[in-house]
Amino acid sequence: MSSDLRELAAVYERDGWCELPYSFTPAAVGLLNDRVAVISQETRPEVVWEKGKKIVRAIHGCHRFDEVSAALTRHPRLVALAEMFLGGPVYVYQFKVNLKQAREGAAWPWHQDYSFWQREDGMPRPDAVNFAIPLDAVHEGNGPLIVIPGSHRLGPQDEYGDGDGAPGSDWRRHVSADLAYAITPERAGKLTSELGTQLITGPAGGIHAFHPSIVHSSTGNGSADRRALLLITYNAVRNSPPHPTRPEFLVDRNTTPIVPREDHRLELTAR
Ligand code: SIN
Ligand code: MN
């Protein structure tokens, strides 16, 4: 491993998030946006609307039915980085695009992803990693991801933190603004005053990694600019949940190690 990558892994371990030194080209982002536009028009359970509105909030599991999304998950650089963070072979646990439409996209309350994956799916350990790739420029006003650096080391922070949980909740409450495992504003306020916050902003095509246990949220989009965020979760093959029950578009059952493959349409450049 190069010293740059070793440093990146150390930052990720310390802070629970980091910016990767690569960016997808505008052509690659354009192609992904074309696919998002097509999938968003489809009527299928993977396409989720904002509450009470016919406005697409998110699309899920696209790597299972869309060949461009599948090609993205096989990108050799992404796979190598995921393997580096997780220390072994990986597969795609989850794939989604949160669209946060201009003036309409609702918030994501403070939460930890691992609360859902452990309690709903039985993921043994938080040995997964999220890669977030914006398909639009993200600025302070269009609802960027907000993370609390270092919070991934504190264990469960939500209401069900004593481990008795509420598994079996409706999966729609895992993808809506009314999250099943949210962290109270009081608890989040305490964490932000102790650890601070970091807004994840930047141009379309950038890549950030964040940990399954990091506390994060994002506000509604009151701006005139859409904020589409593509999220790939790679899980370590050794960490696959034995008996998941949620829909396959939220928890992929194919846990065989992903085979990297170059695709000239999805070019990545060093920043
Ligand atoms: C967001 O799209 O702003 C939230 C994403 C997440 O919670 O993983
Ligand atoms: Mn999340």
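All of these numbers come straight from a predicted model, not from anything done at the bench.

J.: Would you mind going over the coordination of the manganese ion (ligand 2) with me for this structure?
T.: Ideal geometry at a metal gives 109.5 degrees between four tetrahedral donors and either 90 or 180 degrees between six octahedral ones. Binding of the manganese ion (ligand 2) to the protein goes through His111 (NE2), Asp113 (OD) and His216 (NE2), at separations of 2.1 to 2.2 Å. Here His111 falls in the buried class, since its relative accessible area comes to 6%. Judged by its relative accessible area of 3%, His216 is buried.

J.: What is the right way to look at the pattern of salt bridges in this model?
T.: Between side chains of opposite charge, pairing is possible as soon as their charged atoms come close. Applying the stated criterion across every chain yields a total of 18 salt bridges. Of the charged contacts in the structure, one is a salt bridge between Arg35 and Asp66, with a shortest N-O distance of 2.6 Å. Taken together, the positions of Arg35 in helix α2 (residues 26-40) and Asp66 in the loop between β3 (56-60) and α3 (67-73) put the pair 31 residues apart, joining distant regions of the chain. Across the salt bridge formed by Arg125 and Asp127, the nearest N and O atoms sit 2.9 Å from each other. Overall, Arg125 belongs to the partly exposed group, its relative accessible area being 49%. Residues joined in a network through salt bridges with shared partners are Glu42, Arg44 and Glu46.

J.: Would you take a moment to explain empty space enclosed by the protein for this structure?
T.: Gaps between atoms show up when a probe of the same size as a water molecule is rolled over them. Tallying each qualifying case throughout the model produces three cavities of 30 Å³ or more. The calculated volume of the largest cavity comes to roughly 300 Å³. Lining the largest cavity we find 22 residues, and of these Lys96, Trp108, His111, Asp113 and His174 sit closest to its centre. Breaking the lining of the largest cavity down by element, the ones donating at least two residues are β4 (90-98), β5 (108-111), α5 (113-121), β10 (216-218) and β11 (229-236). The volume enclosed by the second largest cavity comes to roughly 120 Å³. Taken together, 14 residues line the second largest cavity, and the ones lying closest to its centre are Pro134, Val138, Ile200, Thr201 and His208.

J.: I tried to follow the packing of aromatic side chains on my own but got confused; where do I start?
T.: Aromatic ring pairs are reported here in terms of the distance separating the ring centres and the angle at which the planes meet. As enumerated under the stated definition, the model contains six aromatic pairs in all. The interplanar angle of 85° and the centroid separation of 5.0 Å between the aromatic rings of Phe116 and Tyr181 together place this pair among those described as edge-to-face. Taken as a pair, Phe116 in helix α5 and Tyr181 in the loop between β7 (145-147) and α6 (185-195) lie far apart in primary sequence, 65 residues in all. Relative accessible area serves as the criterion here: at 6%, Phe116 is assigned to the buried category.

J.: Help me out: how do you make sense of the site of ligand 1 in this one?
T.: In the vicinity of ligand 1, the residues found are Asn98, Lys100, Trp108, His111, Leu145, His216, Ser218, Arg227 and Leu231. With respect to ligand 1, the side chain of His111 contributes an N or O atom lying 3.0 Å from an oxygen atom. Within the side chain of Ser218, one N or O atom sits 2.5 Å away from an oxygen atom of ligand 1. Across the complex, the protein chains shield 98% of the 260 Å² of accessible surface that ligand 1 would expose by itself. Taken together, the residues of the shell around ligand 1 break down into three nonpolar, four polar and two charged.

J.: Which parts of the structure should I look at to understand the sheet that holds β5?
T.: Within a beta sheet, neighbouring strands are joined by backbone hydrogen bonds and run either parallel or antiparallel to one another. Strand order in this open sheet of four strands is β5-β10-β7-β8, and the pairing throughout is antiparallel. Edge strands, defined here as strands with exactly one partner in the open sheet, are β5 and β8 (198-200). Each adjacent strand pair in this sheet contributes to an overall mean axis angle of 25°, direction not counted. Relative to β10, β5 runs antiparallel, the two sharing two bridges. Looking at β10, one finds that His111 is bridged to His216.

J.: Help me out: how do you make sense of the sheet that holds strand β12 (residues 268-270) in this one?
T.: Taken in spatial order, the eight strands line up as β2-β3-β4-β11-β6-β9-β1-β12 in an open sheet, and their pairing is antiparallel. With one partner strand each, in any of the chains shown, β2 (47-49) and β12 form the two edges of the open sheet. Strand after strand, the sheet turns through a mean of 30° between neighbouring axes, direction not considered. As paired elements, β3 and β4 share three bridges and run antiparallel to each other.

J.: Would you take a moment to explain the side chain of Gln157 for this structure?
T.: Turning to its location among the elements, Gln157 is positioned in the loop between β7 and α6. A distance of 3.1 Å separates a polar atom in the side chain of Gln157 from the backbone oxygen of Leu154. A distance of 2.6 Å separates polar atoms of two side chains, one belonging to Gln157 and the other to Arg187. Apart from the residues lying within four places of it in its own chain, the contact partners of Gln157 are Gln112, Ile183, Arg187, Leu191 and Val215.

Cut-offs used in this document
Residues numbered from 1 in each chain as written. Chains lettered and ligands numbered in written order. Predicted model: local features only at pLDDT ≥ 70, side-chain atom pairs only at ≥ 80, totals over all residues. Heavy atoms only, no water. Donors = N, O, S within 2.8 Å, 3.2 Å for Na, K, Ca; no water. Buried < 20%, exposed > 50% of the residue type's maximum accessible area, 1.4 Å probe, protein only. Salt bridge = Lys/Arg side-chain N within 4 Å of Asp/Glu carboxyl O. Helix = DSSP H or I, 4+ residues; strand = E, 2+ residues; numbered from the N terminus. 1 Å grid on protein atoms, 1.4 Å probe; cavity = no way out; pocket = protein on both sides within 12 Å on 5 of 7 lines; lining within 4 Å. Points joined across faces, edges and corners; volume = space filled by probe spheres on them. Phe/Tyr/Trp six-rings, centres within 6.5 Å; stacked < 30°, edge-to-face > 60°. Near = heavy atom within 4 Å. Polar contact = N/O pair within 3.5 Å; in protein donor to acceptor, adjacent residues only side chain to side chain. Areas by Shrake-Rupley, 256 points an atom, 1.4 Å probe, with all protein chains shown as cover. Nonpolar A, V, L, I, M, F, W, Y, C, P; charged D, E, K, R; others polar. Pairing = 2+ DSSP bridges. Axes fitted to C-alpha atoms, helices over the stretch in contact; angles between N-to-C directions. Contact = heavy atoms within 4.5 Å.

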